[in-house]
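Residues per chain are reported as follows:
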Amino acid sequence: MPAPEHHIDFTDPAVTPLSRVQDRIAQAARIARRKAADVTLVAVSKTKTADAIAPLIAQGQRAFGENRVQEAQGKWPALIEAQPDVRLHLIGQLQSNKAEDAVRLFDCIHSLDRPSLLVALARAMDKLDRRIPLFVQVNIGEEAQKGGCTLSDLPGLLAEARTSELPLAGLMCVPPAGVEAAPYFALLAKLAADHGLTGLSMGMSEDFETAIQLGASHVRVGSALFGAR
Ligand SMILES: *Cc1c(COP(=O)(O)O)cnc(C)c1O
């Protein structure tokens, strides 16, 4: 007599998308002889509702990434009120006229890419008396349609940020899609080292392990945590 079919779910309820990503970060750090604690996981929650975000907060995730100021203003104040140690990272392009709103809501900005925005952020930080770390976004693949400052504009922009005494965290990039990201991560790491910067915001769902091997301090992971957008 054939064994009856048992539809028993053997999935460990402790294994979640978050714990899986955390394990992969730990493993990548181990291979690179780095400490997992030196890699900040920024959970990219753009387009996701507060209901989708709350379980991650409940599981202990504290750093979140959004790409639009207005969207973040809609959903985050209530979540932050419930969990005040949440830290918000702005990872999308920022218009200068939203600089003040961004400095008020976010704890870190990854998309400083031009002198006019630098001026607007400096003014906003002075006005609000609130200084938050900034990553300079570099258009690492020199793609026409991509955000980020050009490789040739980078030294000037960094010099200007230093003159304005803005808190510089490091460099950020989004490599070209569909090709091996490692050479671009390596280039960003070299540029940061050349300019005496330690922060490296690089690596997304598809390539965060590679980014960790190449020195990422912040990985920005969305779909591996929340599912496809
Ligand atoms: C959406 C986004 C991410 C996350 O991408 P996933 O592939 O979903 O992990 C990371 N960085 C930036 C700048 C993004 O816009």
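Residues numbered from 1 in each chain as written. Predicted model: local features only at pLDDT ≥ 70, side-chain atom pairs only at ≥ 80, totals over all residues. Heavy atoms only, no water.

Student: Account for the overall build of the protein chain, with residues named and values stated.
Tutor: Secondary structure summary: the protein chain contains nine helices and eight strands in total. Computed over the C-alpha atoms, the radius of gyration of the protein chain is 19 Å, within 12% of the 17 Å expected from 2.2 N^0.38 for a compact globule of 229 residues. Considered along the principal axes of its C-alpha atoms, the protein chain spans approximately 80 × 40 × 30 Å. Going through the 229 residues of the protein chain one by one, you find that 45% of them count as buried. (Helix = DSSP H or I, 4+ residues; strand = E, 2+ residues; numbered from the N terminus. Rg over C-alpha atoms; globule rule 2.2 N^0.38 Å. Buried < 20%, exposed > 50% of the residue type's maximum accessible area, 1.4 Å probe, protein only.)

Student: Got a sec to walk through the site of the ligand? Specific residues and values, please.
Tutor: For the ligand, the full set of nearby residues is Val44, Lys46, Ile91, Met172, Val174, Met204, Ser205, Arg220, Val221, Gly222, Ser223 and Arg229. Between the ligand and Ser205, the relevant distance is 2.5 Å, taken from an oxygen atom to a side-chain nitrogen or oxygen of the residue. Gly222 is positioned such that a nitrogen or oxygen atom in its backbone is 2.8 Å from an oxygen atom of the ligand. Within the complex, the protein chains bury 87% of what would otherwise be the 390 Å² of accessible surface of the ligand. (Near = heavy atom within 4 Å. Polar contact = N/O pair within 3.5 Å; in protein donor to acceptor, adjacent residues only side chain to side chain. Areas by Shrake-Rupley, 256 points an atom, 1.4 Å probe, with all protein chains shown as cover.)

Student: Which residues make up the environment of Trp76, and what values go with them?
Tutor: Along the chain, Trp76 turns up in helix 3 (residues 69–82). With relative accessibility at 0%, the residue Trp76 sits in the buried group. Residues Trp76 and Glu206, 130 residues apart in the sequence, show an inter-C-alpha distance of 26 Å. Non-local contacts of Trp76, meaning those with residues more than four positions away in its chain, are made with Ser45, Ile53, Ile57, Phe64, Glu66, Val86 and Leu88. (Contact = heavy atoms within 4.5 Å.)

Student: Mind laying out the nonpolar core, listing which residues take part and the relevant values?
Tutor: Ranked by internal contacts, the top residues of the largest apolar core, which has 65 residues, are Phe64, Trp76, Leu121, Val136, Leu171, Val219 and Leu225. Per-element tally for this core: the top contributor is helix 5 (residues 115–128), with seven residues. Apart from the residues lying within four places of it in its own chain, the contact partners of Phe64 are Val42, Ala43, Ser45, Ile53, Leu56, Ile57, Trp76, Val86, Arg87, Leu88, His89 and Phe226. (Core = buried A, V, L, I, M, F, W, Y, C linked by side-chain atoms within 4.5 Å.)

Student: Please give an account of the side chain of Asp207 that cites residues and values.
Tutor: Mapped onto the secondary structure, Asp207 falls in the loop between strand 7 (199–201) and helix 8 (208–213). Apart from residues no more than four positions distant in its own chain, Asp207 is found in contact with Ala181 and Phe185.

Student: I'd like a rundown of the packing of aromatic side chains, residues and numbers included.
Tutor: The tally for this structure, following the rule as stated, stands at one aromatic pair. Judged by centre distance (5.0 Å) and plane angle (45°), the rings of Phe64 and Trp76 are tilted. Here Trp76 lies in helix 3 and Phe64 lies in strand 2 (residues 63–66), a separation of 12 residues in the sequence. (Phe/Tyr/Trp six-rings, centres within 6.5 Å; stacked < 30°, edge-to-face > 60°.)

Student: Can you lay out the pairing of strand 5 (residues 134–137) for me, pointing to particular residues and giving the numbers?
Tutor: Here strand 5 shows a buried face lined by Leu134 and Val136 and a second buried face lined by Phe135 and Gln137. Where strand 4 (residues 108–112) lies against strand 5, two bridges are found, and the strand directions are parallel. By the bridge assignment, Ile109 is partnered in strand 5 with Leu134. After leaving strand 4, the chain enters helix 5 and then returns to the sheet as strand 5, a path that is right-handed. Two elements, strand 5 and strand 6 (residues 168–172), share four bridges in a ladder whose sense is parallel. Among the inter-strand pairings, Leu134 is bridged to a residue of strand 6, identified as Leu168. Running through helix 6 (residues 154–163), the crossover from strand 5 to the neighbouring parallel element strand 6 is right-handed. (Pairing = 2+ DSSP bridges. Right-handed = clockwise from strand over helix to strand, strands pointing away.)

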